[in-house]
Amino acid sequence: MPVDAAPLTLTQFSEIFFREFVHQTLRNAWRIEFELLHQGTMIVLQYIIRFSELSLHAPILVSTVRERVHRFIEGLSYGLRFSMARELETGTPFQQVVEIVRRLEHIWGEEREDKEAKKCRGSGGFNGFYSSALTHHGGGSVSPMRISDYSWCSS
């Protein structure tokens, strides 16, 4: 590179580095993995990281912000993808899309926790004992089972 040349961007440097030092077969595998990438069972943060790593190997697929946003949203789980449909049409910057998705995941996590807590509290009037659920102990004694004996409600 000539001395008076403009400095390279990170993307330019990465392209040159991978072209020179990473075998074409591996670069092709990363590009294909990026093309097929979906959130699946990953949490949003894991998906963001994997998306960012693999997108370096397929710059032509995400050469504009709009293409990057589109590919990112299309790889999300159905509920998040559905919630982000408007961002596909409005030209929302990538970083803002990422923050919205992270907030949605957080809100939905809180909602799940609230539902789980309500399920464990049960309905009014329950005193913590099942009248028909008795635990037999080795010595022949019998004690009522408490709701906390069930793992789905244990803290």
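Residues numbered from 1 in each chain as written. Predicted model: local features only at pLDDT ≥ 70, side-chain atom pairs only at ≥ 80, totals over all residues. Heavy atoms only, no water.

**Some remarks on the layout of surface pockets**
Empty space left among the atoms is revealed by rolling a probe the size of a water molecule over them. Space inside the largest pocket adds up to approximately 200 Å³. Looking at the largest pocket, the residues that line it are E15, F18, R19, Q24, R27, N28, R31, L56, H57, A58, P59 and I60. Counting only elements with at least two residues in the lining of the largest pocket, the list comes to α1 (10–21) and α2 (24–36). Here the lining of the largest pocket gets four residues from one element, more than from any other, and that element is α2. The class makeup of the residues in the lining of the largest pocket is five nonpolar, three polar and four charged. When its volume is computed, the second largest pocket comes out at roughly 160 Å³. Looking at the second largest pocket, the residues that line it are L10, T11, S52, S55, L56, P59, V62 and R68. Looking at the lining of the second largest pocket, the elements that each hand over two or more residues are α1 and α3 (44–55). Classifying every residue of the lining of the second largest pocket by side-chain character gives four nonpolar, three polar and one charged. (1 Å grid on protein atoms, 1.4 Å probe; cavity = no way out; pocket = protein on both sides within 12 Å on 5 of 7 lines; lining within 4 Å. Points joined across faces, edges and corners; volume = space filled by probe spheres on them. Helix = DSSP H or I, 4+ residues; strand = E, 2+ residues; numbered from the N terminus. Nonpolar A, V, L, I, M, F, W, Y, C, P; charged D, E, K, R; others polar.)

**Side note on the side chain of H57**
Position of H57 relative to the elements: it lies in the loop between α3 and α4 (65–74). Since its relative accessible area comes to 15%, H57 is described here as buried. Ignoring sequence-local partners within four residues, the contact set of H57 consists of F18, R27, W30 and R31. (Buried < 20%, exposed > 50% of the residue type's maximum accessible area, 1.4 Å probe, protein only. Contact = heavy atoms within 4.5 Å.)

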